[in-house]
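These are the residues of each chain, in order.
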Amino acid sequence: MSATTTNARQGGKLSAGNLIGRIPTLGVYGVLILMFILASIFVPGFTKPQNLTNVLQHSVVLGLVAIGQTFVILAASLDLSVGVMISLIGVATSLLISGRVSMILPAVIVALLLGILLGLINGLIITKLRVNSFIATLGMMLVLEGALFSRFDNFAGRVPRQFEFLGYKTVGPVPVGVLLMLAVAALAWLILRFTKFGHHVYGIGGNAEVSRLSGVRTDRIMIGAHILAGLGAAISALFLVSRLRTAAPWIGKGLELDSIAAVVVGGAPLSGGRGSVWGTIGGVLILSILNNVFNLLAVDAFLQDVMRGAIVILVVAFYSARLRK
Amino acid sequence: MDNLQHPLPSEAAVSLQGQAPISSYILEMRNITKAFPGVLALNNVTFECRRGEVLALVGENGAGKSTLMKILSGAYQADSGRLILRGQEVNFEHPREAQLAGISIIYQEFNLLPDRTVAQNIFLGREPRRGPLVDQARMVQETARLLENLGVRINPQTMVGMLSVAQQQEVEIAKALSLDADIIVMDEPTAALSTYEVDNLLDLVRRLRERGVTVIYITHRLEEVFKIADRVTVLKDGETVITTGCADVTRDDLVHYMVGREFSHYFPPKARQEDITDVVLKVENISTNNLLHDISFEVRRGEIVGVAGLEGSGRTELARALFGAERATHGSITLNGKPARFRSPRQAIKSGVGFITEDRKKEGLVLMLSVRNNVALPSLPARQRIGFIRMAEERSLVANYAELLDLRSVNDRQEVQFLSGGNQQKVVLAKWLATQAKLLIFDEPTRGIDVGAKAGIHQLMREIASRGVGILMISSELPEVIGMSDRVLVMHQGTIVKELPGADLTEAAIMRAATGTDATNGSQQGVSR
């Protein structure tokens with residue numbers, strides 16, 4: 001009634017707070033723009049077109065795997081095995097192709113199926129065996145890593161020139177890889193925003209019990225999210241193989257943590273239920289710019305890690321503080 | 001879009017309801033009995049509601065209201081008894097089944113996702129689709145219509161977390177209706193609302209009734225019973241006392257039905273006047289950001305001061321403010337004459353305040369640690385040398401208190417999760433005694449403890465007081481308040497409305513003050529002592 005209207009605090013109105021609530025990525029892009037401006041002013045060579053293309057090109061590997069990671073983190077899970085999945089799928093693809101053009105298509109299909117299968121196994125362990133996702137995917141990571149390194153210790157297989165278009169071709173000034181990443185991101189956004197599955201991912205991440213009581217099939221949703229994380233890793237591996245022209249058992253190393261960092265910097269808390277793909281892309285770009293700036297300034301590699309770690313913590317602390325208000 | 005299926009009960013159903021014989025019950029719960037280990041929560045309770053009425057369910061804390069509603073919702077199963085819905089016997093094994101049968105419960109803690117929009121929350125799990133995609137437009141539109149039908153103005157696309165508590169409640173109600181619920185249970189819906197928001201909610205409940213929805217309204221606030229309910233059922237100690245039309249009873253009658261019981265428990269003698277000495281705690285006009293305002297009182301050495309009041313009256317908040325878990329924004333607190341507006345529990349502990357929380361398992365004990373480690377926890381800083389704990393001293397400390405508390409049968413290395421409720425509470429007591437506390441605050445000291453152990457805890461509290469400790473005891477159990485307190489402070493809506501001397505306490509006098517029945521003549525009474 002009219003009584004309710006007068007008291008409607010932020011109820012229906014489009015206040016500033018409400019706007020931030022609706023566009024959770026606002027903070028991420030604020031940080032990104034700030035960083036871009038600072039880099040443009042203080043880092044010589046940063047704004048050269050060639051360098052900016054580099055930044056984008058560089059963000060593709062991380063971007064693809066982080067998009068998959070976004071699904072599991074939104075569902076209040078996480079996947080520590082995506083890094084080694086990339087190594088494994090990369091090596092498998094490279095070996096299967098072994099320079100033969102005719103094997104490209106079958107290899108790509110196998111790569112994607114492998115990603116789906118590994119994600120499915122993660123999802124089943126988490127939901128059916130009720131193993132905490134951190135432990136389940138840590139275990140998966142160790143298993144895959146051990147298996148991979150027991151067979152391979154160096155570069156294995158190679159891909160023909162035709163497969164390199166993914167990593168090197170450009171459409172106008174834009175690399176194909178970047179377009180791929182944006183297309184995957186758009187698809188992920190579509191899924192999260194417009195499908196029942198997407199809504200339920202947010203639901204189980206926000207409160208699994210509430211969702212269950214509302215009739216959401218929580219286990220299936222969780223498994224689905226993990227499958228998408230595996231698929232993201234597979235696509236990322238394909239791009240990486242194209243870029244490297246071959247693969248080695250360590251190519252995905254560290255990407256599991258980097259992808260989690262990107263999602264979190266992108267505004268999604270590890271507790272799930274909040275965040276978006278575009279936030280993740282923002283987070284990926286932030287990390288890529290950071291990386292690029294460090295390289296341009298020739299910062300010592302170890303110091304880079306120190307600063308990257310500190311910046312991730314700062315950004316997330318900033319979101320936290322803002323949220324509390 | 002106008003021919004969308006209407007989620008509210010149809011016009012036909014409403015008009016039909018007008019002609020239905022008035023004696024027909026939509027819901028009958030017959031001879032429901034439910035026991036938990038050590039407690040008979042419900043004893044042969046019969047509860048009936050008519051279609052389209054507002055039935056208030058009242059009773060003291062622990063009377064069994066929530067248990068009864070949890071059985072109705074399928075969250076608990078009754079040990080015996082029958083549940084008859086629309087003339088048919090049903091048996092819910094899961095909350096989902098009750099929901100499908102048209103029963104919705106709106107709990108005090110809402111079942112909403114704060115980071116999703118109103119529309120997304122209402123349609124969670126039942127999102128309308130067009131092809132493979134969720135039909136967002138329709139979802140928003142139906143939500144808008146649903147809210148409009150309720151006379152509520154909330155934008156369906158607002159994040160639920162941005163809404164006020166009152167608005168979230170309205171969303172819950174809308175969700176219940178969208179599930180086609182025709183029986184809605186509201187558990188203390190007004191506990192967190194302002195007076196103004198309460199009026200709105202009551203309006204909403206009236207509109208639900210006009211639609212033919214049956215509302216079971218659980219409340220502590222008797223004034224609301226008379227404002228909104230057609231009939232009222234009183235539960236006491238797990239039994240139905242009476243079900244009657246609201247026009248046929250007075251508020252005093254209800255109070256009498258709620259509390260009228262015999263004492264069956266021996267309490268230790270109260271303190272003699274000469275044993276109550278210096279002021280330990282002096283509180284003057286404190287307020288906090290959330291609920292408390294203008295609170296003043298004293299606690300003296302050797303005295304047990306009871307704090308009574310209904311849930312949500314601010315009792316626990318008061319304890320937390322005294323203990324530094326919440327900041328007092330105004331006023332002054334002194335402990336033995338020294339300023340004591342603590343900024344953290346750590347500060348409070350160091351200054352000699354102990355807090356025995358209501359929820360032993362969550363806040364009072366580390367369940368996986370041993371008895372010894374639990375007892376020594378808050379006093380550790382005082383018992384270490386260059387960072388190392390003096391084990392021997394810790395052992396003897398625990399042994400001392402084990403004797404005092406009659407915990408001798410318990411091995412001090414045992415994990416406390418395996419102890420009985422009574423022994424757990426003794427461990428908590430030992431823990432705080434070991435800190436040499438000057439003031440102990442008890443929040444529900446005997447909740448969930450069986451009758452035999454209760455007497456033991458009461459005895460101990462009295463003994464601790466007689467050793468010169470000031471005790472502030474928050475309790476919802478009126479016999480306990482009456483039996484233990486040398487003085488009683490009654491709280492209502494965030495402040496102390498009455499102070500009663502320990503000598504001739506009656507349950508009725510306390511309940512009258514606590515329900516705001518005589519708030520008109522007592523808002524500052526007894527405070528200036």
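Residues numbered from 1 in each chain as written. Chains lettered and ligands numbered in written order. Predicted model: local features only at pLDDT ≥ 70, side-chain atom pairs only at ≥ 80, totals over all residues.

Colleague: In this structure, what is going on with the overall build of chain B? I would like to understand it.
Modeller: Scanning chain B from N- to C-terminus turns up 18 helices and 24 strands. In chain B, buried positions account for 47% of the 529 residues. Here the contacts in chain B between residues at least 6 apart in sequence split such that 69% fall between residues at least 24 apart. (Helix = DSSP H or I, 4+ residues; strand = E, 2+ residues; numbered from the N terminus. Buried ≥ 20, exposed ≤ 12 C-beta atoms within 10 Å, placed from the backbone. Contact = placed C-beta atoms within 7 Å.)

Colleague: Looking at this structure, I do not really get the confidence of the model for chain A. What am I missing?
Modeller: Residue and element names in this part refer to chain A. Summing up the model confidence of chain A, the mean pLDDT is 89 and the portion of residues at 70 or higher is 91%. Taken element by element, the predicted model of chain A shows its lowest mean pLDDT in helix H1 (residues 2-7) (36) and its highest in helix H6 (residues 104-128) (97). Confidence drops under pLDDT 50 across residues 1-22; counting only partners more than four residues distant or on other chains, this segment forms 33 contacts. (pLDDT = per-residue confidence, 0-100.)

Colleague: Would you explain the domain arrangement of chain B in this entry?
Modeller: Interfaces are often described in size by the accessible area the parts lose on coming together. All names here are of chain B. Here chain B is partitioned into domain 1 (11-259), domain 2 (277-352 + 437-521) and domain 3 (367-420 + 427-435). The centre of domain 1, based on its C-alpha atoms, is set 33 Å off from the matching centre of domain 2. Across the contact, 13 residues belong to domain 1 and 13 residues belong to domain 2. Looking at the side of domain 1 that touches domain 2, the elements with two or more residues in it are helix H8 (222-228) and helix H9 (251-259). (Domains from an automatic or database assignment.)

Colleague: Just to check I follow, could you spell out the environment of B:Lys175 for this structure?
Modeller: Residues and elements named next belong to chain B. Here Lys175 is to be found in helix H6 (residues 165-178). Taking C-alpha positions, Lys175 is 4.9 Å from Ile122, a pair spaced 53 residues apart along the chain. Residues within four places of Lys175 in sequence aside, it is in contact with Asn121 and Ile122.

Colleague: What am I meant to see in helix H13 (residues 255-265) of chain A here?
Modeller: One turn of the α-helix equals 3.6 residues, which is why residues spaced by three or four share an orientation. Residues and elements named next belong to chain A. Counting buried positions over the eleven residues of H13 gives ten, a clear majority of the element. By the burial criterion, the buried members of H13 are Leu255, Glu256, Asp258, Ser259, Ile260, Ala261, Ala262, Val263, Val264 and Val265. Just downstream of H13 lies Gly267, where phi reads positive at about 100°.

Colleague: Explanation requested: the sheet that holds strand E24 (residues 495-501) of chain B in the structure shown.
Modeller: The strands making up a sheet associate through hydrogen bonds between their backbones, and the pairing can be parallel or antiparallel. All names here are of chain B. With mixed pairing, six strands are arranged side by side in an open sheet as E18-E21-E22-E15-E23-E24. Strand pairing shows two members of the sheet lacking a second neighbour, strand E18 (353-356) and E24, which therefore form its edges. Sheet twist, expressed as the average angle between the axes of neighbouring strands with direction ignored, equals 20°. Inspection of the sheet shows strand E15 (residues 304-309) paired to strand E22 (residues 470-474) by four bridges, in the parallel sense. (Pairing = 2+ DSSP bridges. Axes fitted to C-alpha atoms, helices over the stretch in contact; angles between N-to-C directions.)

Colleague: Would you take a moment to explain helix H14 (residues 391-404) of chain B for this structure?
Modeller: Residue and element names in this part refer to chain B. In a regular helix each residue adds 1.5 Å, so 14 residues correspond to 20 Å; H14 covers 20 Å between its end C-alpha atoms and thus fits that length. Those residues of H14 lying buried are Glu394, Val398 and Ala402. End-on view of H14: buried residues confined to an arc of 70°, all on one side of the axis. For H14, the exposed residues lying more than 90 degrees away from the buried face are Ala392, Ser396 and Glu403. Looking one or two residues past H14, Asp406 carries a phi angle of roughly 60°, positive in sign. (Expected span 1.5 Å × (residues − 1). Arc of directions from axis to C-beta.)

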